[in-house]
Amino acid sequence: MMKKVFRQKKFWFIAGVLILFFVLSLEPAPGRITYGVSFSRFHSDELNLDWRQTYLALLNDLGVRNFRFSAHWSLTEPENNKFNFSELDYQMDQARAKNASVILAVGRRLPGWPECHEPEWALNLSKTEKQKEILEYVEKVVTRYKNYPNILYWQVENESFLTFFSRSACGELDKDFLDRETALVKSLDPAREILLTDSGEFGTWLSAYHRSDVFGTSLYLYIWNRRLGPIRYPITPAFFKIKHNLVRLFLEDKPAMIIELSSEPWLLAPITHTPLEVQFERMGLDKFNNMIDFSSKTGFDRIYLWGAEWWYWLKLNGHPEHWNRAQELFAN
């Protein structure tokens, strides 16, 4: 009798969990998706591209009107207390002229391998000294650009809670310092909201979501592992719907988006050193379209693609297919 009761309770518990997940996976499709791209001089340099030409092609040829820029510390303050704003000034001024919105990311850990970008002069500073310098650099950037009306949000750091990724370059997460950075940006520009990000596949989202005004998730499906080879994560769009609904259930509802949709190949060597056939195997037009289709079913109505510099590099090398597909996306 006891075993029968236990089996019944187990059945109803499992059934209840399945029903809960089913309900959480129900997210109405957004009426219209707003698309944007991440752009950085840093990534353009990796591809040996003229970064201005690349950026203007995105702005004028593709018609991108929503950007995420990164104020990489190593590029912004190449020498201690000597700041280089020429590249960001150009990007911001051109975007403002086209009425294009900008999410501007600041901090030590920003998009692009090795994730944590430090100028050479700061490499051997103590933790306390380095944090002081980071706060000074962040203050300089925010103070310079906060009067641009087209800044949508400030992003502080990038996927800070994805601690196992790039630990060798970034070290351990200091949550108190992240809070200090966020508070500083908020104090300098209290009218604008703060965006924090987390990994779509591995992050719990809770810490970043709790600390932010706006939340951004990455979305990767196709990766490459040194031991296992090519991997396609075994997830569906419902995976993101469930995670999003769970954090809203435990915390509060707030704006959220896909801030980094993978749309370039996951490689273990620089793109320029990788054969084209390998690049297309990892992110051919079929996978590119799959990423767009998959993301459109996650319930998010704002999606920023990662890899636009690569599309342009392909176009210049006689393969405009990704670029042409992106033109269709941004024309809608």
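Up top is the structure.
For every chain, the first residue of the written sequence is number 1, and numbering continues from 1 along that sequence. Under the rules for a predicted model, residues below a pLDDT of 70 receive no local features and side-chain atom pairs below 80 are neither given nor counted, while totals for whole chains, interfaces and linings still include all residues. Excluding hydrogens and water, the side-chain values take into account all heavy atoms of the structure.

Whenever I open this one, the layout of surface pockets confuses me. Can you help?
Any empty space left between atoms is shown by rolling a water-sized probe over those atoms. Cavities and pockets are defined on a 1 Å grid built over the protein atoms alone: a cavity is a set of grid points where a 1.4 Å probe fits but cannot escape, while a pocket is an open set with protein on both sides within 12 Å along at least five of seven lines, and lining residues are those with an atom within 4 Å of any such point. Grid points are joined across faces, edges and corners, and a volume is the space filled by probe spheres set on the points. Considering only enclosed or pocket space, the largest pocket measures out at about 1300 Å³ in volume. Looking at the largest pocket, it is lined by 40 residues, and the ones nearest its centre are Trp 113, Glu 115, Phe 165, Trp 266 and Leu 267. A helix here means a DSSP run of H or I that spans at least four residues, while a strand means a run of E at least two residues long, and both kinds are numbered starting from the N terminus. At the level of elements, helix H2 (41-46), helix H7 (167-170), strand S7 (222-225) and strand S9 (256-262) are the ones that each hand at least two residues to the lining of the largest pocket. For the lining of the largest pocket, the leading source of residues is S7, giving four residues. Charged residues are taken to be Asp, Glu, Lys and Arg, nonpolar residues to be Ala, Val, Leu, Ile, Met, Phe, Trp, Tyr, Cys and Pro, and polar residues to be all remaining types, Gly included. Considered class by class, the residues forming the lining of the largest pocket number 22 nonpolar, 10 polar and eight charged. One number sums up the size of the second largest pocket: a volume of about 370 Å³. Looking at the second largest pocket, it is lined by 19 residues, and the ones nearest its centre are Arg 108, Cys 170, Glu 172, Leu 173 and Asp 174. Within the residue set of the lining of the second largest pocket, elements represented by two or more residues are helix H6 (127-145) and helix H8 (175-188). Classifying every residue of the lining of the second largest pocket gives six nonpolar, four polar and nine charged.

Explain the state of the cysteines to me, please; I cannot follow it from the model alone.
Two cysteines joined by a covalent bond between their sulfur atoms form a disulfide. Cysteine sulfur pairs qualify as disulfides if the two atoms are within 2.5 Å. For the structure shown, the criterion picks out one disulfide. Disulfide pairing is shown between Cys 116 and Cys 170; the S-S distance is 2.1 Å. On the sign convention where negative is left-handed, the bridge of Cys 116 and Cys 170, at about 120 degrees about the S-S bond, is right-handed. Note that Cys 116 is positioned in the loop between strand S3 (101-106) and H6 and Cys 170 in helix H7, a separation of 54 residues in sequence. No difference in accessibility class separates Cys 116 from Cys 170, as the two residues are buried. Per-residue accessibility, obtained with a 1.4 Å probe over protein chains only, is compared with the maximum for each type, and a residue is labelled buried under 20%, exposed over 50%, and partly exposed between these values.

Please explain the nonpolar core as it appears in this structure.
If you look at soluble globular proteins, the nonpolar side chains tend to sit buried side by side. Note on terminology: a nonpolar core comprises buried Ala, Val, Leu, Ile, Met, Phe, Trp, Tyr and Cys residues joined through side-chain atoms within 4.5 Å. Leu 58, Phe 67, Phe 69, Leu 104, Tyr 137, Tyr 145 and Trp 311 are the most contacted members of the largest nonpolar core, which totals 84 residues. Sorting elements by how many residues they give to this core places H6 first, with seven residues. Contacts were defined at the residue level, with two residues in contact if any of their heavy atoms lie within 4.5 Å. The residues contacting Trp 311, other than those within four sequence positions of it, are Val 37, Leu 62, Ser 263, Phe 288, Leu 305, His 322, Trp 323, Ala 326 and Phe 330. Counting seven residues, the second largest nonpolar core, distinct from the first, contains Tyr 153, Leu 195, Ile 259 and Tyr 304.

How do you make sense of the pairing of strand S2 (residues 66-70) when you look at a structure like this?
Consecutive residues of a regular strand have side chains that alternate between opposite faces of the sheet. For S2, the buried fraction is high: five of the five residues fall into the buried class. Judged by which residues are buried, S2 turns out to be covered on both faces: Asn 66, Arg 68 and Ser 70 on one side and Phe 67 and Phe 69 on the other are all buried. Sheet analysis places strand S1 (residues 34-39) next to S2, joined by three bridges and oriented parallel. Within S2, the position partnered with Ser 38 by the bridge is Arg 68. Only strands that DSSP links by at least two bridges are regarded as paired with each other.

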